Amino acid sequence: MFERVLPLHIRRLAAAGRGAPPTGCRQPEAAVLDGVVDGPSGSEAVVELRVVQASTGSEAVVVWDAALVLAYYLEHRQEALRLDQGPQTVLELGSGTGAVGLVAAALGARTVLTDLPEVLPLLERNIDLNRRVLDGPAQARALPWGHDHLDRVSDLLDPGVDYILVSDCVYYEAALEPLIDTLVALSRAQTRVLVSYEERTSPTQVAVQRRFRELVERHFRIHPVPPAECHPDYACPEIKLWTLEKRPSLSV
Ligand SMILES: C[S@@+](CC[C@H](N)C(=O)[O-])C[C@H]1O[C@@H](n2cnc3c(N)ncnc32)[C@H](O)[C@@H]1O
């Protein structure tokens with residue numbers, strides 16, 4: 001199977017207590033991205049993640065645009081999100097190649113990347129390929145959406161998940177309720193849920209997106225992220241990015 005490796009360059013700010021960057025990092029004075037030399041302050045490094053994509057298979061095999069927007073939002077807002085503090089526990093649903101979760105781990109989060117069982121080999125491969133540049137531990141687990149499978153992550157519920165990340169998982173009707181059931185079951189009032197998806201315009205997709213919004217609003221307040229808060233190079237009007245806040249009366 002033909003494979004392509006997508007390099008993702010992630011600017012990682014120095015954190016209190018973080019030692020020297022691992023060997024997969026370039027020092028800031030040497031970092032050149034798109035012809036721009038990063039500042040000489042020594043307060044950051046540029047990490048190169050390498051994400052294996054395949055040319056055949058399901059929708060899980062490529063990095064979708066919504067993943068890039070969410071991944072680079074994490075990078076762009078890292079001072080506010082502080083994924084390395086604690087560190088924060090991040091759960092990604094429908095990870096596909098794992099690009100978004102890998103960025104969270106590169107920024108210091110304790111990260112669990114999940115998808116259907118058949119996608120685990122790709123996820124595990126991408127974790128292994130990038131392990132030396134991850135600043136937080138990362139693991140892959142099978143987690144089909146819906147109540148029937150929640151026991152696979154029950155160990156994460158105490159003390160709970162700090163962030164849930166979901167990119168480009170809004171595309172077929174049958175999966176919407178199970179996806180929302182999983183989101184609701186795994187989130188607490190304090191959990192920050194970040195959802196990105198591509199606004200597609202076919203009548204079927206418009207209906208799927210409308211239904212998704214209805215289901216989300218039963219349990220969460222939706223806060224659209226303004227484009228100005230996204231990474232300037234990884235934002236476009238078709239990619240929606242929301243933060244979700246669980247409605248207090250429904251918290252577990
Ligand atoms: C369009 S891909 C997006 C992949 C990745 N998040 C990205 O944005 O690049 C949708 C992902 O959802 C996963 N998925 C679909 N149905 C699922 C289900 N019922 N349970 C868990 N994962 C599912 C697919 O395997 C796939 O990885």
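Residues numbered from 1 in each chain as written. Predicted model: local features only at pLDDT ≥ 70, side-chain atom pairs only at ≥ 80, totals over all residues.

A. Broad picture of the site of the ligand. Close to the ligand lie 22 residues, the nearest being Ala60, Ala67, Gly94, Gly96 and Asp168. Among the elements of the structure, α1 (65-76) and α5 (173-186) are those that each provide at least two residues to the shell around the ligand. For the shell around the ligand, the residue count by class is 13 nonpolar, 6 polar and 3 charged. (Near = placed C-beta within 6 Å. Helix = DSSP H or I, 4+ residues; strand = E, 2+ residues; numbered from the N terminus. Nonpolar A, V, L, I, M, F, W, Y, C, P; charged D, E, K, R; others polar.)

B. Representation of α5 in the model. Relative to the 20 Å expected for 14 residues at 1.5 Å per residue, α5 spans 21 Å between its end C-alpha atoms, a close match to the ideal helical length. Turning to α5, its buried residues number three or more, namely Leu176, Leu179, Ile180, Thr182, Leu183, Val184 and Leu186. (Expected span 1.5 Å × (residues − 1). Buried ≥ 20, exposed ≤ 12 C-beta atoms within 10 Å, placed from the backbone.)

C. Local environment of the environment of aspartate 128. Relative to the elements of secondary structure, aspartate 128 occurs in helix α4 (residues 120-130). Separated by 10 residues in the primary sequence, aspartate 128 and alanine 138 place their C-alpha atoms 9.3 Å from one another.

D. Up close: the nonpolar core. Ranked by size, the top nonpolar core spans 68 residues in total, and within it Leu70, Ala71, Val103, Ala104, Ala106 and Ile164 carry the most contacts. The dominant element in this core, judged by the number of residues it contributes, is α1, at 9 residues. Residue contacts for isoleucine 164: discarding those within four places in its chain leaves Leu91, Leu93, Leu183, Leu186, Ser187, Thr191 and Val193. (Core = buried A, V, L, I, M, F, W, Y, C linked by C-beta atoms within 7 Å. Contact = placed C-beta atoms within 7 Å.)

E. Here's a closer look at the packing of α5 against helix α6 (residues 203-219). Direction vectors running N to C along α5 and α6 enclose 20 degrees, while the axes themselves pass 10 Å from each other. Taken as axis vectors, α5 and α6 run roughly parallel relative to one another. Regarding α5 and α6, the two cross each other, and that crossing is right-handed. Between α5, through Glu173, Leu176, Glu177, Ile180 and Val184, and α6, the contact on the second element is made entirely by Val208, Arg211, Phe212, Leu215, Val216 and His219. In the contact of α5 with α6, the residues fall into 7 nonpolar, 1 polar and 3 charged. (Axes fitted to C-alpha atoms, helices over the stretch in contact; angles between N-to-C directions. Parallel < 35°, antiparallel > 145°, perpendicular 65-115°, else oblique. Left-handed = near helix turned anticlockwise from the far one by under 90°.)

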